[in-house]
Amino acid sequence: MSRHLCPKAWLAALLLTLGACTPFAPPNTGPGPLPLPESYSLYPEATPIQKSRWWLSFENEELNGLMDEALKESLTLQEAWARLKQNAALYKAKGAALYPTLSGEAGAETTRRGGDDTTETTTDSVSLGLAASYEVDLWGRIRALEESERQRLLASRADVETSAMTLTGEVAETWVALVAIRNEIALVEEQMDLNKTLLTALTWRFENSLVSAVDVLRQKKVIERQLSELPSLRLQESRFENSLALLLGKPPGMAPAVGTTTLPEPGPLPPTGLPADLLAMRPDVRAAGLRLKAEEWEISAARADRLPALSITARAKYTSDGVESLFDNWLANLAGNITGPIFDAGKRKAEVERARAQAEERLATYRRTVLTALSDVENSLIGEVRQKETVAALTREIETARLTLLEAETQYTQGVSDYVNLLDELKDLQELQRKLVQEKARLVKERVALHRALGGSWSNTLTPPGEAAAPTEETEPAKGVSTAS
């Protein structure tokens, strides 16, 4: 081996050795201990979490169709997919720094010298070459930046799933509200028909001097009050229809017709699993944890940036005074440069401190997100139980109100009491009937809120229309991944 090859061999060995080092990789310690309860307060038994699409439990084909359309056409979800594409491109760009860059160059030049015809000369030159540059990742700075961007990409995928969870919950709640308000409108119209019938009977009795004019006026007032309530109810109906259209990515008035007339029964409670399961089943919790990991890798990159950097450049170039002899003259150059900070007024140290502070913020955000998820589940469980009790008590109250109305009607017919008592009992029953519709709708919404709070793995399989599966935390993307582009 010649002496000229020895330095190159030593340089190659050194680069291979140092390039494999990542001394500033963050320790795999996780977010630290979290105050997670062992079980939920109302349901201590550990059961597996439902993985299928939760709205199927309502067994309503119309709702299923609305959900399918929303997951395909929702503009909010399309925004989330677009953000995922952006993060995929950023991840690819960060990974490209691990490889050399190669560029081509070509040029032609004509030079004229002299001041008169006897001394004037013209020189032509043509050049063609390649240039390459490469930064050796001595301390793992570039790999840390790439890993940080990979974690953000996975977090962006979790954001898509969070958007899908939120979207399906909003579609279900809006659909329930629309069905409920239509039931309430139908009930008010039915009550008005009954009140008009009573008004006709009272008018006949008044004409025969059996009741006073005040009784007739009171009954008219009840009908007028119900007539004044109908516009407000129909306004709510229109707003729910427009809200549903917006969730489906359609202009007002273009949402699919909702023909369901009966609110679904919630059925048995879904399996809740353990509180610790939320760390994996809630996509917003996963996203917060992934962004925490990204910031930890940013700390590693900032620390590595305080050390010297080694870059290598290579150039090969052909030059000649004509194209026909271009490849007769060539020049090759290989150079290595080491640069390191000597004085930067604390700039790089401040960047490390900033990255650490950012990680502290992400840690607090992660813990807050976990506690919020636990609170959501607890509130939904307690809310559904209490709402069921409310519906049951209200149902019993309505039965009692019916019996009271029958008794008041009997006493009025027999002349024992006046019409005021009968009218009060009638109004009370009709108000309770409307309230029951509202409380049943709240019960269904509590079930929807519980499904949203529990999360689930069904969103892992979501893909943009016409594209392959996007990356998840379990199946990380390769460099240059196109699944999210």
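On to the packing of aromatic side chains, then. If you walk through the whole model with that rule in mind, you get four aromatic pairs. Seen from their ring centres, Trp55 and Trp458 are 5.1 Å apart, and the 85 degrees between their planes marks the pair as edge-to-face. Taken together, the positions of Trp55 in the loop between helix 1 (5-19) and helix 2 (61-73) and Trp458 in the segment after helix 9 (419-454) put the pair 403 residues apart, joining distant regions of the chain. For the pair Trp55 and Trp458, a shared accessibility class is recorded, and that class is buried. Considering the side-chain rings of Tyr412 and Tyr419, the 5.4 Å spacing of their centres and the 65 degrees angle between planes classify their relative orientation as edge-to-face.

Across the interface, helix 4 (residues 141-207) lies against helix 9 with an axial gap of 9 Å and an inter-helix angle of 170 degrees. On the basis of the axis angle, helix 4 is roughly antiparallel to helix 9. Of the residues in the contact of helix 4 with helix 9, the class split is 16 nonpolar, eight polar and six charged.

This paragraph deals with the environment of Val214. With respect to the helices and strands, Val214 occurs in helix 5 (residues 213-247). Assessed through its relative accessible area of 43%, Val214 is described here as partly exposed.

Turning our eyes to something else, we now look at the confidence of the model for the protein. For the protein, mean pLDDT is 83; residues scoring 70 or higher make up 82% of the total. Low pLDDT, under 50, characterises residues 16-20; the predicted model gives this stretch five contacts beyond four residues in sequence or across chains. With pLDDT under 50 throughout, residues 469-485 is counted as low confidence; its partners more than four residues away or in other chains account for 41 contacts.

Of all hydrophobic cores here, the largest spans 42 residues; its most connected members are Trp54, Leu71, Val171 and Trp458. Where this core is concerned, the elements lending two or more residues are helix 2, helix 3 (75-96), helix 4, helix 5 and helix 9. Broken down by element, this core gets its largest block of residues, 16 residues, from helix 4. Setting aside chain neighbours within four positions, we find Val171 in contact with Leu66, Met67, Ala70, Leu244 and Leu247.

A few words on the packing of helix 8 (residues 347-413) against helix 9. At a minimum axis distance of 8 Å, the contact between helix 8 and helix 9 shows a crossing angle of 165 degrees. The orientation of helix 8 with respect to helix 9, classified from their angle, is roughly antiparallel. Considering how the two elements wind past one another, helix 8 and helix 9 form a crossing that is left-handed. A breakdown of the residues in the contact of helix 8 with helix 9 according to their chemical character gives 20 nonpolar, eight polar and 14 charged.

So, about unusual backbone geometry. Even without being a glycine, Glu59 presents a positive backbone phi close to 55 degrees. Locating Glu59 in the fold gives a position in the loop between helix 1 and helix 2. You can call Glu59 exposed: its relative accessible area is 72%. With phi around 60 degrees, Ser209 is a residue other than glycine that occupies positive phi space.

Rules and cut-offs
- Residues numbered from 1 in each chain as written.
- Predicted model: local features only at pLDDT ≥ 70, side-chain atom pairs only at ≥ 80, totals over all residues.
- Heavy atoms only, no water.
- Phe/Tyr/Trp six-rings, centres within 6.5 Å; stacked < 30°, edge-to-face > 60°.
- Helix = DSSP H or I, 4+ residues; strand = E, 2+ residues; numbered from the N terminus.
- Buried < 20%, exposed > 50% of the residue type's maximum accessible area, 1.4 Å probe, protein only.
- Axes fitted to C-alpha atoms, helices over the stretch in contact; angles between N-to-C directions.
- Parallel < 35°, antiparallel > 145°, perpendicular 65-115°, else oblique.
- Nonpolar A, V, L, I, M, F, W, Y, C, P; charged D, E, K, R; others polar.
- pLDDT = per-residue confidence, 0-100.
- Contact = heavy atoms within 4.5 Å.
- Core = buried A, V, L, I, M, F, W, Y, C linked by side-chain atoms within 4.5 Å.
- Left-handed = near helix turned anticlockwise from the far one by under 90°.

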